[in-house]
Amino acid sequence: MRRTMRFKLTSSLRPLIHQAMCQIDEALLNHQARREASRQAVELDCATPGWLQPHPQRDLAARLAGALALRNSLRVGYLALGECAAHAMVRICLQTGGISRSALEDRELSKEETQRLVLRATDLAYSKLMLHEQAVNRNEVRAQTKEFIKEANLEVIIVDEPDVPTLRDPKLSREMDQSRVRMEFREAVRGTNVMMILPG
């Protein structure tokens, strides 16, 4: 009898990408609402979604994941530690489609941008990209990462943000703890042919 995996793998990205595209559409609608409200001098509370905020590590991880999954047809695993899988997927779609945040915050998407975004999202839906959908326990970084690699038969694994608070050991200094976490991730791929990317 096959054991139950401790985390959920998105074997099909289509539902996740559909959810990501809906969030992008909602952001565009919120922009339109804010613009209309400003014309009428009305205060409108539309919080900026987390995935729309710049983040060097997550943006780089998303860009690399999309590029490797599409250009090289590799089995790429994405550990979304800094945000949920749906938000990570939005970030990947935007980065892969070359859509700037200003396009969502300050104006409408052009016809060319919309077509490019849809095309890249469609390509991603049929790629070998896999997302990890459960938080990694700070005491099981190596074990959980190895399990993800094995279950998904990965060739590349990307960690979006290895410095998340959930992996911190309060007994160690920040510098020592960052080294510890990175070492645990690297140990997970030692002796394998799997490439690991740790932005930051």
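For the structure, see preceding data.
Model, not experiment: these values are computed from the prediction.

Undergrad: Any details on unusual backbone geometry? Residues and values, ideally.
TA: Here the phi dihedral of Ser73 falls at roughly 55 degrees; this positive angle occurs in a residue that is not glycine. Tracing the chain through its elements places Ser73 in the loop between α2 (56-71) and β1 (76-79). Of note in the backbone geometry, Asn153 takes a positive phi value of approximately 55 degrees without being a glycine.

Undergrad: How would you explain the environment of Asn153 if you had to name every residue and give the values?
TA: Secondary-structure assignment places Asn153 in the loop between α6 (141-152) and β3 (156-159). Spatially, the C-alpha atom of Asn153 lies 9.9 Å from that of Met130, the residues being 23 residues apart in sequence.

Undergrad: Tell me about the side chain of Arg58, residues and numbers included.
TA: Mapped onto the secondary structure, Arg58 falls in helix α2. One polar contact links Arg58 to Glu161, side chain to side chain, over a distance of 2.7 Å. Excluding residues that lie within four positions of it along the chain, Arg58 makes contacts with Tyr78, Gly82, Glu83, Arg91, Asp160 and Glu161.

Undergrad: Please set out the pairing of β3 residue by residue, giving values where relevant.
TA: Of the two faces of β3, the one carrying Val156 and Ile158 and the one carrying Ile157 and Val159 are both buried. Once you follow β3 into helix α7 (residues 174-189) and on to strand β4 (residues 195-197), the crossover reads as right-handed.

Undergrad: Quick one: what's the story with the packing of α2 against helix α3 (residues 85-97), residue by residue and with numbers?
TA: Between two packed helices, the angle of one axis relative to the other and the distance separating the axes together describe the packing. Contact geometry for α2 and α3: axes closest at 8 Å, N-to-C directions at 70 degrees. Taken together, the axes of α2 and α3 are roughly perpendicular relative to one another. The two elements α2 and α3 meet at a crossing, and its hand is right-handed. Of the residues in α3, those touching α2 at Arg58, Asp59, Ala62, Arg63, Ala65, Gly66 and Leu70 are Arg91, Ile92, Gln95 and Thr96. For the contact of α2 with α3, the residue count by class is four nonpolar, three polar and four charged.

Undergrad: So, the side chain of Arg182: which residues are in play, and what are the values?
TA: Structurally, the position occupied by Arg182 is in helix α7. With near-sequence residues (within four places) excluded, Arg182 lies in contact with Gln57, Pro162, Asp163, Leu198, Pro199 and Gly200.

Undergrad: Report on the pattern of salt bridges, specifying residues and quantitative values.
TA: Enumeration according to the criterion identifies eleven salt bridges in this entry. Across the salt bridge formed by Arg91 and Glu83, the nearest N and O atoms sit 2.7 Å from each other. Comparing Arg91 with Glu83 shows no difference in burial state: the two are buried.

Definitions and cut-offs
Residues numbered from 1 in each chain as written. Predicted model: local features only at pLDDT ≥ 70, side-chain atom pairs only at ≥ 80, totals over all residues. Heavy atoms only, no water. Helix = DSSP H or I, 4+ residues; strand = E, 2+ residues; numbered from the N terminus. Polar contact = N/O pair within 3.5 Å; in protein donor to acceptor, adjacent residues only side chain to side chain. Contact = heavy atoms within 4.5 Å. Buried < 20%, exposed > 50% of the residue type's maximum accessible area, 1.4 Å probe, protein only. Right-handed = clockwise from strand over helix to strand, strands pointing away. Axes fitted to C-alpha atoms, helices over the stretch in contact; angles between N-to-C directions. Parallel < 35°, antiparallel > 145°, perpendicular 65-115°, else oblique. Left-handed = near helix turned anticlockwise from the far one by under 90°. Nonpolar A, V, L, I, M, F, W, Y, C, P; charged D, E, K, R; others polar. Salt bridge = Lys/Arg side-chain N within 4 Å of Asp/Glu carboxyl O.

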